[in-house]
Amino acid sequence: MPAPPSEGHDRDFASPTPPDRPMNPAELKIELLCRGLRVDGSCRIFEDSLPLSPTIAGLGSGLELILPGSKRDVWVNAPVIENFVEKSPLLLLSDQGEYKITDERSGLRYRVKAPSKPAWYDRYTPTGVPMSHIATLQGTCLTVNVGERCKFWTAEHPLNCRFCTGGLSTGVEEEQEKSVEDVIETALAAKQESGITFVQLNGGYQGARGLRKVFPYLKALKQKVGCLVGVQFNPERDESLYDEALTLGVDSFSFCFEFYNPEYFRRYLPGKAEVLGRDVFFSALEYCSRKMGKGRVAGEIIAGVEPVEDTMRAIEYIVRVGAYPLVCIFRPLTGSVMQRYPSPDPSDMVRVFRHVYDTCRMHNLPVGTAPNINVSLSLQPEDTFYLAPEGIADRTYQSFIDALKHLMRPYFSSRMRTQ
Ligand code: SF4
């Protein structure tokens, strides 16, 4: 097994091969996530659009952009502040009232849209908290971090995941303890004004049975807001907690085991390895997937750190147990332990996401059927349709997904009614 590269290891793809044709939105998203985006002085984008939230989900946040496409628009959170961005050949320009990304290698230009900052971001909850400290938009999803500061950050010897900066932000950009009422007010505003359909409740490690902290929010969101609710928490050994969450109406779970290779899991996720162990992630993922059915649970991983072959195996495992793979491209965040680690090579990432597509197609995984869910930090399986060959099997799979989307509309409408 190859040894993990040490932090500070440098890989140079500063002289990349220019693409010989325009990139499709998925390829452009991969390029942006790997190389970052320089922003020309002509752009007033930081004033007009969603503010940068440097610690969103503990994975870092850049500039939210929409890449228009023929199959679907693709949302991306482009890194703009990390060191590696300086070398990026991708430059954002303002051109006659439009934003365009110029690829300086080929001279090709791509029109992009910047979602504007919603009015509720500047408003306060009834208890006087800025709504943007309660929840943030990531793509078209409302993300709410709940619970206390992740215990991996507060352990006697820090056990935080080495890529994460989440523990640096709690209580700074975000309220530490959020009242249910504040979350409901914010979610209602985001639903009415931004049209969100999905709220993701995230949390760092909260101790055994920490999932219980989600329940009051989950219950209130389902009863008073009427939206799909996903939960991304560390796994529980007591699986009856997932049954309770299902009774309260949870729509999806995601489990972030990040690395499939056990050596990388131990090295870069010391808290998850020492306190939980990989098998607890797998047991919880499989339990929820069996209970909820195909395509309702996500296995979340990070690509670009462990060998690509391990990432491919992780994708196969996730799909084999009926879950969908949400693959984040590693971002060496400023302030994290891995800040000097190299950003991944885009050509490796294209291989990874082709594999996501192929694996989902081979298992007929229903992806992208819920309305208006666009994720900007990772490539959704439905983004990878742009990477598919145009064979008969591909057209059949994509038509199957289109039909399913249509058929499942009444189901999702009923899930989004207040209860
Ligand atoms: S579990 Fe890991 S990624 Fe999540 S907040 Fe804690 S340290 Fe960060």
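The structure we're discussing is the one just above.
Below is a summary of the structure that appears in this document. What you see as residue numbers is a count from 1 along each chain, following the sequence as written. Two thresholds apply to this predicted model, a pLDDT of at least 70 for residue-level local features and 80 or more for giving and counting side-chain atom pairs, whereas whole-chain, interface and lining totals are computed over all residues. Note that water and hydrogens are dropped before the side-chain values are worked out from all heavy atoms of the structure.

1. Some remarks on the packing of helix 8 (residues 240–248) against helix 11 (residues 278–292)
A fitted line through C-alpha atoms serves as each axis, taken over the contacting stretch for helices, and the angle formed by two N-to-C directions is quoted from 0 to 180°. Strands here mean DSSP runs of E at least two residues long; helices mean DSSP runs of H or I at least four residues long; both are numbered from the N terminus. Where helix 8 contacts helix 11, the two axes come as close as 10 Å, and the packing angle between them is 40°. On the basis of their axis angle, the class for helix 8 and helix 11 is oblique. The crossing of helix 8 and helix 11 is right-handed. Residues Tyr242, Asp243 and Leu246 of helix 8 pack against Ala284, Tyr287, Cys288, Lys291 and Met292 of helix 11. The classification used treats Ala, Val, Leu, Ile, Met, Phe, Trp, Tyr, Cys and Pro as nonpolar, Asp, Glu, Lys and Arg as charged, and all other residues, Gly among them, as polar. Split into classes, the residues belonging to the contact of helix 8 with helix 11 amount to 6 nonpolar, no polar and 2 charged. Comment on the angle field: the value is read as roughly parallel under 35 degrees, roughly antiparallel over 145, roughly perpendicular from 65 to 115, and oblique elsewhere. Two helices crossing with the near one rotated counterclockwise from the far one by less than a right angle form a left-handed crossing, whereas a clockwise rotation gives a right-handed crossing. Contact definition: two residues touch when any of their heavy atoms are within 4.5 Å.

2. Some thoughts on the nonpolar core
Core analysis: the largest hydrophobic core is formed by 121 residues, its most contacted members being Leu37, Leu201, Leu221, Phe253, Phe257 and Phe353. Those residues in contact with Leu221 that sit more than four places away from it in its chain are Val183, Ile184, Ala187, Val199, Leu201, Gly226, Cys227 and Val229. Core analysis: the next-biggest nonpolar cluster, separate from the first, contains 7 residues, Cys141, Ile373, Val375 and Met416 among them. The set of buried Ala, Val, Leu, Ile, Met, Phe, Trp, Tyr and Cys residues whose side-chain atoms join them within 4.5 Å is what this entry labels a nonpolar core. Any residue under 20% of the maximum accessible area for its type is buried, any over 50% is exposed, and the rest in between are partly exposed; the area is computed with a 1.4 Å probe on protein chains only.

3. A look at the packing of helix 1 (residues 25–35) against helix 13 (residues 346–362)
One way to put it is that helix 1 packs onto helix 13 with a least axis distance of 9 Å and a crossing angle of 135°. Put simply, helix 1 runs oblique to helix 13. As for the relative orientation of helix 1 and helix 13, their crossing is right-handed in sense. Between helix 1 and helix 13, the residues in contact are Ile30, Glu31, Cys34 and Arg35 and Pro346, Met349, Val350 and Phe353, respectively. Tallied by class, residues from the contact of helix 1 with helix 13 come to 6 nonpolar, no polar and 2 charged.

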